[in-house]
Amino acid sequence: MDAMKRCSGCAEEIRMEASRCARCGIRLERLHRGVEGRAVAGVCAMLARELGIDVALVRVAVVVATLFSGGTLPLVYVLLWAFTPASALGRAPLQRTVDWLSRVGESDAPRMERRV
């Protein structure tokens, strides 16, 4: 018997390995780049997994689209990399950078206040 889980949108029972509910179409896991099938940054593997096609087709499409886009597709590729986490539970590189920058000025030493 296959392991099942419930959709959070329509309460339909679906298989554990499903990423979307077949009935309502709600995404069951966060969009992430994952580690399977990744070559450079995992963006093409993520798009292939999301579209349900072979990763080689997506890579060829990205190369061809780069040639015809006037160089804007590499910018889109970098933005996709920056806004999507490497794992379903991870944080996106841009989010990690913003968090790090927000902690730069902070110190772990206790602050002393002088009252006059």
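Here the structure is a predicted model, which means the values were calculated and not measured.

A.B. asks: What should I look at first to understand the overall build of the protein in this one?
C.D. replies: Across its full length, the protein holds 4 helices and 2 strands. When its helices and strands are written in sequence order, the protein yields β-β-α-α-α-α. Burial statistics for the protein: of 116 residues in total, 19% are counted as buried. The long-range fraction of contacts in the protein, counting pairs at least 24 apart against all pairs at least 6 apart in sequence, stands at 26%. Within the structure as shown, the protein displays about 9,000 Å² of accessible surface, and the carbon and sulfur contribution to it stands at 61%.

A.B. asks: Could you clarify how one ought to interpret the nonpolar core in this entry?
C.D. replies: It is characteristic of soluble globular proteins that their nonpolar side chains tend to be buried jointly. Cys 44, Ala 45, Ala 48, Val 55 and Val 58 form the largest nonpolar core, which has 5 residues in total. Breaking this core down by element, the ones donating at least two residues are helix 1 (43-51) and helix 2 (55-68). In terms of residue count, helix 1 provides more of this core than any other element does, 3 residues in total. The residues contacting Cys 44, other than those within four sequence positions of it, are Val 55, Val 58, Arg 59, Val 62 and Tyr 77.

A.B. asks: It is not clear to me how the packing of helix 1 against helix 2 should be interpreted in this structure. Could you clarify?
C.D. replies: Pairs of packed helices are described in terms of their axes, by the angle between the two and the distance that separates them. Close contact between helix 1 and helix 2 brings their axes to 8 Å; oriented N to C, the two are set at 120°. With respect to their mutual orientation, helix 1 and helix 2 come out oblique. Handedness of the helix 1/helix 2 crossing: right-handed. Contact residues: helix 1 offers Cys 44, Ala 45, Leu 47 and Ala 48, while helix 2 offers Val 55, Val 58, Arg 59 and Val 62.

A.B. asks: Looking at this structure, how should I read the confidence of the model for the protein?
C.D. replies: When pLDDT drops low, the exact placement of atoms in the prediction is not to be read closely. Chain-level pLDDT for the protein is 80 on average; 86% of the residues reach the 70-or-more range. Taken element by element, the protein is modelled with least confidence in strand 1 (residues 4-6), mean pLDDT 77, and with most confidence in helix 2, mean pLDDT 91.

Cut-offs used in this document
- Residues numbered from 1 in each chain as written.
- Predicted model: local features only at pLDDT ≥ 70, side-chain atom pairs only at ≥ 80, totals over all residues.
- Heavy atoms only, no water.
- Helix = DSSP H or I, 4+ residues; strand = E, 2+ residues; numbered from the N terminus.
- Buried < 20%, exposed > 50% of the residue type's maximum accessible area, 1.4 Å probe, protein only.
- Contact = heavy atoms within 4.5 Å.
- Areas by Shrake-Rupley, 256 points an atom, 1.4 Å probe, with all protein chains shown as cover.
- Core = buried A, V, L, I, M, F, W, Y, C linked by side-chain atoms within 4.5 Å.
- Axes fitted to C-alpha atoms, helices over the stretch in contact; angles between N-to-C directions.
- Parallel < 35°, antiparallel > 145°, perpendicular 65-115°, else oblique.
- Left-handed = near helix turned anticlockwise from the far one by under 90°.
- pLDDT = per-residue confidence, 0-100.

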